[in-house]
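A closer look at the structure
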Amino acid sequence: MNVAEIRKQFPILERTVKGRPLVYFDNAATSQKPLQVIEALRHYYSHYNANIHRGIHTLAEEATMAYEATRMAVKDFIGAASTEEIIFTRGTTEAINLVAYTWGRQHISKGDEILISEMEHHSNIVPWQLLCEEKGASLKVIPVEEDGSLSISAFRELLTERTKLLSVVHVSNALGTVNPVKEMTDAAHAVGAKVLIDGAQSAVHLDIDVQDLDADFFAFSGHKVYGPTGVGALYGKRELLESMPVFQGGGEMIREVSFEKTTYADLPYKYEAGTPNIADTIALKAALDFISEIGKVNIRTHEETLLNYATEQLKTLPGLRIIGEAQNKVSLVSFVIEGIHPQDLGVLLDNMGIAVRTGHHCTQPLMKRFGIPGTVRASFALYNQKEEIDSLVAGLQKAIKMLL
Ligand code: C6P
């Protein structure tokens, strides 16, 4: 993989911040976009902007075809059996809420349990909390070990015939931990529970095969896979999606409407009310094509090199503690430096042109578990280079001298 060539496809990487070359290490929040994604957006708006699934004119047909081509690309990207199992959403958050409001309202009742983990993003906590409050169900939480891995023994104890749903993150956004979701799915199915996998952080790094994982639901966001913001997808097994009640009501999701009774469209349109985010959905295909042209194996190999190098280099800094050192990790490092608030480090690094994320990363219960207010998180993508990690380490050395 030629990183120098790849970098040329990301125009934003040429800019400077505070007079210094940009070092972008906030990829877990959102990745930068390659030219082919930017070009797909420009091309759509300059050549065939039209509403989809309604018009018979040429522009509407072209837009509909491009939109549906993305559905096919998403199906292939995550190994789904059919495009009918791919629902476009605004992103992971909306995908999880969709399941909570439809499947959840239909299947969860008083006394039932929903099992999540201590490392969940707020998007995979709050929708279930709301559902539990409404239904009188309870939320159970799988604890996280000191190294940032999930306690699998606790998971097995918490899993009972009362468990109706396991909703678990594939890759932690705050720790980088890769969870053994296939094994967990098998165990959950054995007690009759359904499984939702939050793939917001895994889709860009790991090969995803929802059929092999046997996931009932899988959610991810376009903007973390080099695609645009405002679009993502929910995968659901066909028989589940068919039997679930509708989500939002409106145009597109109906078969026939009368004041007496409305019937609904077939999958996947049943869950896609209103005019969708056409442009960004179309451009998402360009992002998925970009990933498959380079190859996830190549991306992963490069990112692993960066992760190992960063871990090794950061550990040389005095007072630095890495939060999350599970054996199976993706390319992000979360850390704290004794005596310095993560926010202060973030501001100083920004002054050096280095973009990291600081804070609780929308995982407040996890931060509480580690007894910290937050971390500094450097997350790496395929266009990052070792020299940028050197800049981060040098920047931190400077910050330590200034702040301690
Ligand atoms: N994490 C981060 O900086 P949305 O916002 O819907 O695209 O994704 C939500 C979400 C759900 N699950 C996980 C594991 C996530 O990491 C995220 C988004 C970003 O870590 C923004 S808080």
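In this text, all values refer to a predicted model and were calculated from it rather than measured experimentally.

**With respect to the sheet that holds strand β14 (residues 332–337)**
Spatial ordering of the open sheet is given by β13-β14-β17-β16, a layout of four strands whose pairing is antiparallel. The open sheet has two edge strands with one neighbour each: β13 (320–322) and β16 (357–359). Sheet twist, expressed as the average angle between the axes of neighbouring strands with direction ignored, equals 30°. The pairing of β14 with strand β17 (residues 375–379) spans four bridges and is classified as antiparallel. Among the inter-strand pairings, V333 is bridged to a residue of β17, identified as A378.

**Examining the packing of aromatic side chains**
Aromatic rings in a pair are described by how distant their centres are and how their planes are angled relative to each other. For the coordinates displayed, the defined rule picks out eleven aromatic pairs. For the ring pair F10 and Y226, a centre distance of 6.0 Å and an interplane angle of 65° mean the geometry is edge-to-face. Taken together, the residues span a long stretch of sequence, with F10 in the loop between α1 (3–8) and β1 (16–17) and Y226 in the loop between β9 (217–221) and β10 (232–236) at a distance of 216 residues. Residue Y226 is classed as buried on the basis of its relative accessible area of 1%. When the centroid spacing of 4.9 Å and the interplanar angle of 85° are considered together, the rings of F25 and F380 count as edge-to-face. Linking F25 in the loop between β3 (23–24) and α2 (35–48) with F380 in the loop between β17 and α14 (386–403), this pair joins segments that are 355 residues apart in sequence. Across this residue pair, the class does not change: F25 and F380 are buried. Put simply, the rings of F10, Y226, F290 and Y383 pair up and form one aromatic cluster.

**Details of a nonpolar patch on the surface**
Residues Y101, V126 and L130 make up a contiguous nonpolar surface patch of about 240 Å² in total accessible area. On the secondary structure map, Y101 appears in helix α4 (residues 92–107).

**Focus on the sheet that holds strand β8 (residues 194–198)**
Reading across the sheet, the seven strands line up as β4-β10-β9-β8-β7-β5-β6 and stay open at both edges, with mixed pairing between neighbours. The sheet is open, and its two borders are formed by β4 (86–89) and β6 (138–142), each paired with just one other strand. Adjacent strand axes in the sheet meet at a mean angle of 20°, parallel and antiparallel pairs treated alike. As defined by bridge partners, strand β7 (residues 163–169) adjoins β8 across five bridges and the pair is classed as parallel.

Procedures and definitions
- Throughout, residues of each chain are indexed from 1 in the direction in which the sequence is written.
- Under the rules for a predicted model, residues below a pLDDT of 70 receive no local features and side-chain atom pairs below 80 are neither given nor counted, while totals for whole chains, interfaces and linings still include all residues.
- The basis for the side-chain values is all heavy atoms of the structure; hydrogens and waters are excluded.
- Two strands form a pair only when DSSP identifies at least two bridges running between them.
- Helix and strand definitions follow DSSP, with helices as H or I runs of at least four residues and strands as E runs of at least two, each counted in order from the N terminus.
- Axes here refer to lines fitted to C-alpha atoms; in helices the fit is confined to the stretch in contact. Angles between the N-to-C directions go from 0 to 180 degrees.
- For Phe, Tyr and Trp, where Trp contributes only its six-membered ring, two rings pair if their centres lie within 6.5 Å, and the inter-plane angle classes them as stacked under 30 degrees, edge-to-face over 60, or tilted in between.
- To sort residues, take the accessible area from a 1.4 Å probe on protein chains only and compare it with the maximum for the residue type: under 20% means buried, over 50% means exposed, and anything in between is partly exposed.
- Patch criteria: residues need more than 30% relative accessible area and no salt bridge. Like-charged residues are merged within 9 Å; nonpolar side chains of Val, Leu, Ile, Met, Phe, Trp and Tyr are merged within 5 Å.
- Values of accessible area rely on a 1.4 Å probe in the Shrake-Rupley scheme; residue burial ignores everything except the protein chains shown.
- By salt bridge we mean one thing: a side-chain nitrogen of Lys or Arg within 4 Å of a carboxyl oxygen of Asp or Glu.

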